[in-house]
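# Descriptive analysis of the structure
Chain residues, written in single-letter form:
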Amino acid sequence: VRTAVEGGTCANELVHTAGRRYAVARHSTKGGGLLEILRASDLHRIHSRRMQSLYALAAHPTQPKIAIGDDDSRVTELSVPSGQTLRSLRVSIGLDDPLGVMQVRYSRTGRWLAAASGSRITLFDGRSGRAQTLPEEDTIHRFALSPDGRFVATGGRSVSLWRLPSGMLIRSWR
């Protein structure tokens, strides 16, 4: 869910862990961002953190953690509800990609963490920790991981389908 908030945006995720539900809110404005972890039952704030920038937010499907993308080409995984940094991952960007990480997604099983920046998607394998980059010809506006985690589709001026884990381009449509 995205809504306008004081000249910026607000994105929300619901995270389930150990039978409890937490709401994670990301507020971005020109001056930076605020990440809040709230108890979903009464929206009591458990953790908040100011950050230079917050562009993207995704909740892990099976573990109590979230991933956030920023303008420094990093994806940071945080524990929920503590907000503790679990790891920081560097996303591959090209010279023609001045933007930060604009989108992050976990696959349904949580095996893959994907991050889009400009015309590239960086995939992090949750099992091995290995990163691979899928270079697209133009800016990626949207992407999706298949439910079985075997494919990723990217969309911009063209639509491309990639096989995982090889990263092989199957087909592209203009």
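Residues numbered from 1 in each chain as written. Predicted model: local features only at pLDDT ≥ 70, side-chain atom pairs only at ≥ 80, totals over all residues. Heavy atoms only, no water.

## As for the pattern of salt bridges
Quick note on the threshold: Here a salt bridge means any side-chain nitrogen of Lys or Arg lying within 4 Å of a carboxyl oxygen belonging to Asp or Glu.
Overall, the coordinates contain 5 salt bridges when judged by the stated rule. What emerges from the salt-bridge pattern is a single network uniting K65, E77 and R87.

## Structural notes on the pairing of strand β17 (residues 168-173)
The side chains of a regular strand alternate between both faces of the sheet. For clarity, the threshold we go by: Strands were regarded as paired on the criterion that DSSP finds at least two bridges between them. Secondary structure elements are defined from DSSP: runs of H or I of at least 4 residues count as helices, runs of E of at least 2 residues count as strands, and each element is numbered from the N terminus.
As defined by bridge partners, strand β16 (residues 159-163) adjoins β17 across 5 bridges and the pair is classed as antiparallel. Paired with L161 across the two strands is R171, which belongs to β17. Hairpin connection of β16 to β17: 4 residues between the antiparallel strands, including G167 at a positive phi of 75 degrees.

## Re the sheet that holds strand β14 (residues 142-145)
Two pairing modes exist for strands in a sheet, parallel and antiparallel, and in both the strands are linked by backbone hydrogen bonds. Spelled out, the test is: Think of each axis as a best-fit line through the C-alpha atoms, taken over the contacting stretch in the case of a helix, with angles from 0 to 180 degrees between the N-to-C directions.
If you trace the 4 strands from one edge of the open sheet to the other, you get β14-β15-β16-β17, paired in antiparallel fashion. Of all the strands in the sheet, just β14 and β17 have a single pairing partner and so form its edges. Strand-to-strand, the axes of this sheet are offset by a mean angle of 15 degrees, without reference to chain direction.

## Side note on the pairing of strand β12 (residues 120-125)
Worth spelling out the cut-off: Burial here depends on accessible area, computed with a 1.4 Å probe over protein chains only, as a share of the maximum for the residue type. Under 20% is buried, over 50% is exposed, and the range in between is partly exposed.
β12 sits mainly inside the fold: 5 of its 6 residues count as buried. Two strands pair when backbone bridges link them, and strand β11 (residues 112-117) and β12 are joined in this way by 6 bridges, in the antiparallel orientation. Along β12, the bridge assignment pairs W112 with D125. Where β12 lies against strand β13 (residues 131-135), 5 bridges are found, and the strand directions are antiparallel. The partner of T122 across the bridge, within β13, is T133. Hairpin connection, β12 to β13: the antiparallel pair is bridged by 5 residues, and G129 has positive phi, about 80 degrees.

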